[in-house]
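These are the residues of each chain, in order.
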Amino acid sequence: MSEDTTDTPLLTTPLDKLHVSLGGRMVGFAGYSMPVQYPAGIVTEHNHTRSKAGLFDVSHMGQCWLKGDSHEAVASALEKLLPGEVQALEPGRTRYTQFTNQDGGIIDDLMVTRPIDPADAGKLYLVVNASRKDVDYQLLKEGLDPSVTLEPIEDRALIALQGPSSETVINSLSDGVEDMAFMSSHSLKIAGIDCWISRSGYSGEDGFEISVPSESASSLAEQLLSHPDVIACGLGARDSLRLEAGLCLYGNDIDETTSPIEAGLIWSISKRRREAGGFPGEDRIKREIADGAKRKRVGILPGGRAPARDGTEITNEPGNVVGKITSGGFGPTLGGPVAMGYVPTELAAVGTSLNLMVRGKTLPASVAKLPFVPPNFKR
Amino acid sequence: MTLKYTDDHEWVSVEGDTATFGITNHAQEQLGELVYVELPAVGAQVTKGGDAAVVESVKAASDVFAPISGEVVAINDTLEAEPTKVNEDPEGSGWLAKIKISDASEMDSMMDADAYAKHTG
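First things first, this report covers the structure right here in the doc.

### What to know about the overall build of chain B
(1) Moving on: Per the secondary structure count, chain B includes three helices and nine strands.
(2) Moving on: The order of helices and strands in chain B, counted from the N terminus, is β-β-β-α-β-β-β-β-β-α-β-α.
(3) Moving on: Expressed as lengths along the three principal axes of its C-alpha atoms, the size of chain B is roughly 35 × 35 × 20 Å.
(4) Moving on: Taking all 121 residues of chain B together, the buried fraction comes to 47%.
(5) Moving on: Long-range pairs, those at least 24 residues apart, make up 59% of the contacts in chain B with a sequence separation of at least 6.
(6) Moving on: Carbon and sulfur atoms form 46% of the exposed surface of chain B, whose accessible area is close to 5,600 Å².
(7) Moving on: A gap of 4 Å separates the mean positions of the 7 positive and 23 negative side-chain charges of chain B.

### Some words on the side chain of A:Ser203
Residue and element names in this part refer to chain A.
(1) Moving on: Looking at where Ser203 falls in the secondary structure, it is placed in the loop between strand 11 (193-198) and strand 12 (207-213).
(2) Moving on: Given the relative accessible area of 2%, Ser203 is considered buried.
(3) Moving on: A polar contact is formed between the side chain of Ser203 and the side chain of Gln162, at a distance of 2.7 Å.
(4) Moving on: Here Glu205 takes part through its backbone nitrogen, which lies 3.1 Å from a polar atom of the side chain of Ser203.

### Some remarks on the environment of A:Gly303
Residues and elements named next belong to chain A.
(1) Moving on: Considering the arrangement of structural elements, one finds Gly303 in the loop between strand 14 (295-302) and strand 15 (313-315).
(2) Moving on: Between the C-alpha atom of Gly303 and that of Thr113, which follows or precedes it by 190 residues, the distance is 41 Å.
(3) Moving on: Excluding anything up to four places from it in sequence, Gly303 contacts Pro364 and Ala365.

### Observations regarding the nonpolar core
(1) Moving on: In terms of nonpolar packing, the biggest core is built from 30 residues, with A:Phe56, A:Ile254 and A:Leu265 touching the most fellow members.
(2) Moving on: Secondary structure elements with two or more residues in this core: helix 2 (42-51), strand 6 (106-114), strand 7 (123-128), strand 9 (156-162) and helix 7 (235-244) of chain A together with strand 4 (34-38) of chain B.
(3) Moving on: The residue makeup of this core includes at least three contributed by each of domain 1 (16-59 + 155-244) and domain 2 (294-368) of chain A.
(4) Moving on: Residues within four places of A:Leu265 in sequence aside, it is in contact with A:Tyr96, A:Gln98, A:Ile106, A:Cys248, A:Ile254, A:Pro260 and A:Arg297.
(5) Moving on: Within the second largest apolar cluster, 27 residues are counted, among which are A:Tyr38, A:Ile190, A:Ile210 and A:Ala232.

### Concerning a negative patch on the surface
Residue and element names in this part refer to chain B.
(1) Moving on: Side chains of Glu33, Glu82, Glu88, Asp89 and Glu91 sit close together on the surface and give a patch of like negative charge.
(2) Moving on: Tracing the sequence through the fold places Glu88 in helix 2 (residues 85-88).
(3) Moving on: For Glu88, a relative accessible area of 63% translates into the label exposed.

### Section: helix 4 (residues 133-143) of chain A
Residue and element names in this part refer to chain A.
(1) Moving on: What helix 4 keeps buried is the set Lys133, Asp136, Tyr137 and Leu140. Buried residues of helix 4 fall within an arc of 95° about the axis and therefore sit on the same side. Exposed side chains of helix 4 directed beyond 90 degrees from the buried face belong to Asp134 and Glu142.

### Observations regarding the sheet that holds strand 5 (residues 93-100) of chain A
Residue and element names in this part refer to chain A.
(1) Moving on: Overall, antiparallel pairing links the five strands, which are arranged 5-6-7-4-8 in an open sheet. A single partner strand is all that each edge strand has here, and the edge strands are strand 5 and strand 8 (149-152). Each neighbouring strand pair of the sheet contributes to a mean axis angle of 30°, computed without reference to strand direction.
(2) Moving on: When strand 5 meets strand 6, the two strands line up antiparallel, connected through eight bridges. Bridge pairing in strand 6 places Phe99 opposite Asp108.
(3) Moving on: Helix-sheet contacts for helix 4 involve strand 4 (62-67), strand 5, strand 6, strand 7 and strand 8, and the interaxial angle to strand 4 is about 10°.

### Topic: the packing of helix 2 of chain A against helix 7 of chain A
Packed helices, taken two at a time, are described by the angle their axes make and the gap between the axes.
All names here are of chain A.
(1) Moving on: Where helix 2 meets helix 7, the closest approach of the two axes is 8 Å, and the angle between their N-to-C directions is 55°. In terms of axis orientation, helix 2 runs oblique to helix 7. Here helix 2 and helix 7 pass one another in a crossing that is right-handed. Across the interface between the two elements, Ile42, Glu45, His46, Thr49 and Arg50 of helix 2 pack against Gly236, Ala237, Ser240, Leu241 and Glu244 of helix 7.
(2) Moving on: Looking at the contact of helix 2 with helix 7 residue by residue, the class counts come to three nonpolar, four polar and three charged.

### Focus on the sheet that holds strand 15 of chain A
In sheet architecture, strand pairing relies on hydrogen bonds along the backbone and comes in two forms, parallel and antiparallel.
All names here are of chain A.
(1) Moving on: If you trace the six strands once around the closed barrel, you get 14-17-16-15-18-19, paired in antiparallel fashion. Averaged over all pairs of adjacent strands, the angle between their axes in this sheet comes to 40°, without regard to strand direction.
(2) Moving on: Looking at chain direction, strand 18 (residues 353-358) and strand 19 (residues 361-368) are connected through six bridges and run antiparallel. Bridged to Asn355 within strand 19 is Pro364.
(3) Moving on: Running over the sheet, helix 7 touches strand 16 (321-331) and strand 17 (336-344) and is turned about 125° from strand 16.

### As for the pairing of strand 2 (residues 10-15) of chain B
All names here are of chain B.
(1) Moving on: Burial analysis of strand 2 places five of its six residues in the buried class, which makes it a mostly covered element.
(2) Moving on: Taking the residues that link successive antiparallel strands as the turn, the strand 1 (residues 2-5)-strand 2 hairpin has four residues, and the phi of His9 there is positive, at about 65°.
(3) Moving on: Direction of pairing for strand 2 relative to strand 3 (residues 18-23): antiparallel, over a ladder of six bridges. Bridging across to strand 3, Ser13 finds its partner in Thr20.
(4) Moving on: Hairpin connection between strand 2 and strand 3: a loop of two residues separates the two successive antiparallel strands, and Gly16 in this loop has a positive phi of roughly 65°.

### Digging into the interface of chain B and chain A
(1) Moving on: On the chain A side, the residues contacting the 14 residues of chain B number 16 residues.
(2) Moving on: Taken as a group, B:Val35, B:Val58 and B:Lys59 account for 45% of the area that chain B buries against chain A, more than any other trio of residues on that side.
(3) Moving on: In this structure, A:Arg359 engages B:Glu38 in a salt bridge whose closest nitrogen and oxygen atoms are separated by 3.0 Å.
(4) Moving on: Here chain B is connected to chain A by 10 residue pairs in polar contact (both at pLDDT 80 or more).
(5) Moving on: Contributions of two or more residues to the side of chain B that touches chain A are made by helix 1 (25-31), strand 4 and strand 6 (51-57) of chain B.
(6) Moving on: Taken together, the residues of the side of chain B that touches chain A break down into seven nonpolar, two polar and five charged.

The rules behind each value
Residues numbered from 1 in each chain as written. Chains lettered and ligands numbered in written order. Predicted model: local features only at pLDDT ≥ 70, side-chain atom pairs only at ≥ 80, totals over all residues. Heavy atoms only, no water. Helix = DSSP H or I, 4+ residues; strand = E, 2+ residues; numbered from the N terminus. Buried < 20%, exposed > 50% of the residue type's maximum accessible area, 1.4 Å probe, protein only. Contact = heavy atoms within 4.5 Å. Areas by Shrake-Rupley, 256 points an atom, 1.4 Å probe, with all protein chains shown as cover. Lys, Arg positive; Asp, Glu negative; His and termini not counted. Charge placed at Lys NZ, Arg CZ, Asp CG, Glu CD. Polar contact = N/O pair within 3.5 Å; in protein donor to acceptor, adjacent residues only side chain to side chain. Core = buried A, V, L, I, M, F, W, Y, C linked by side-chain atoms within 4.5 Å. Domains from an automatic or database assignment. Patch = residues over 30% accessible without salt bridge, like charges linked within 9 Å, V, L, I, M, F, W, Y side chains within 5 Å. Salt bridge = Lys/Arg side-chain N within 4 Å of Asp/Glu carboxyl O. Arc of directions from axis to C-beta. Pairing = 2+ DSSP bridges. Axes fitted to C-alpha atoms, helices over the stretch in contact; angles between N-to-C directions. Parallel < 35°, antiparallel > 145°, perpendicular 65-115°, else oblique. Left-handed = near helix turned anticlockwise from the far one by under 90°. Nonpolar A, V, L, I, M, F, W, Y, C, P; charged D, E, K, R; others polar. Buried area = accessible area lost by both parts, 1.4 Å probe.

This is the structure in structure tokens:
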């Protein structure tokens, strides 16, 4: 997670006043002033999300509509920009995919939802990374069929409620979400506020992402926070939770040089798309599917207590640099350091011994199974 | 015993020719809960303003600079197992290391408790 160091004025989210009133420590992130933590601290926020529920402001992320004449039209237009399966997406379902470039690198990763309401036929709802919003919207404007229009959504906030108590909390303020499956999506009145809710997230826990009109965002957040199981959590806990869950952070673990296959995201490319192709970078991606990638994203467990941060060089037994850590820190649930990085495929098997160069010292480490913490999704 | 503070948010307690140092309460509040502390080796020579230790929170690693030049004569190795001692008692049991002072005049530019309180206020 890189913080901004420029002097450009930061944008604020509709929850800015609430963050400050809760004592959030505000930092620049992707051009937005965001809470990195609250007074409870990252470890407490992390552990609370794993045991009960944490509320995260993710309004900096880009929400947008794509609108076409029919689902087939809008889905086939979007599929020209990414290898994911959009055509077969059922109403009310959400999928994870990645925009790819001509070299098979990842321009961004995103969520695509087909709305459940028949009145929304021909629409797709996208959520993209804050840091890639401008790049993505330009890509969509240039790359979509002229019959499909892009409409950035500027008047809604996005709130993530993550953790095993999330369902109970939302049930206490709505008609109930116990029937919602993982990666499903629909409209729901929560505390009387019209929201779009999907059962998804970025923590490895059960949870929901809630799109809410900006003017009602603080009211919704406060009502969710008034439940005894919920505390406010910042970007710090969001990062440690997703790292333990083995999820990629754009700009760290995936970027324009890494392919979805190297990143271990092959599961997000359907059989039909693998066979039929028709997406940017398909030569490399299909070749890597057939022959294997030269390097792979793996979990890495440092042997001692010292965290290995992103950028740390990975060396093999003879001492040659073979890769680098792309995300690394301390996993509160594991109670020790955790990391992810890229290594040559021949060194990617779980249990392989590696070394990490931390502040000039060689520290032992081993390749570990991802995720570090078993997922706790609703199935 | 003399207690002084540096611009880099360290405290230094001097008895005879030995300085015990650590990070201030203000510093530990800014860093958040520590998960790892790396200390210098006993016998190492440190230079005022040079690297002496590293304190790591969940989110980031931060360098701790030597507040004074000299030889490291002791380190608080209990922090290896309990880094949060620095959060709980930064100016007591969360001390980092002891340095045999090579140039006591380096103390002159440091702040007393009142001046440090104003500096962070």
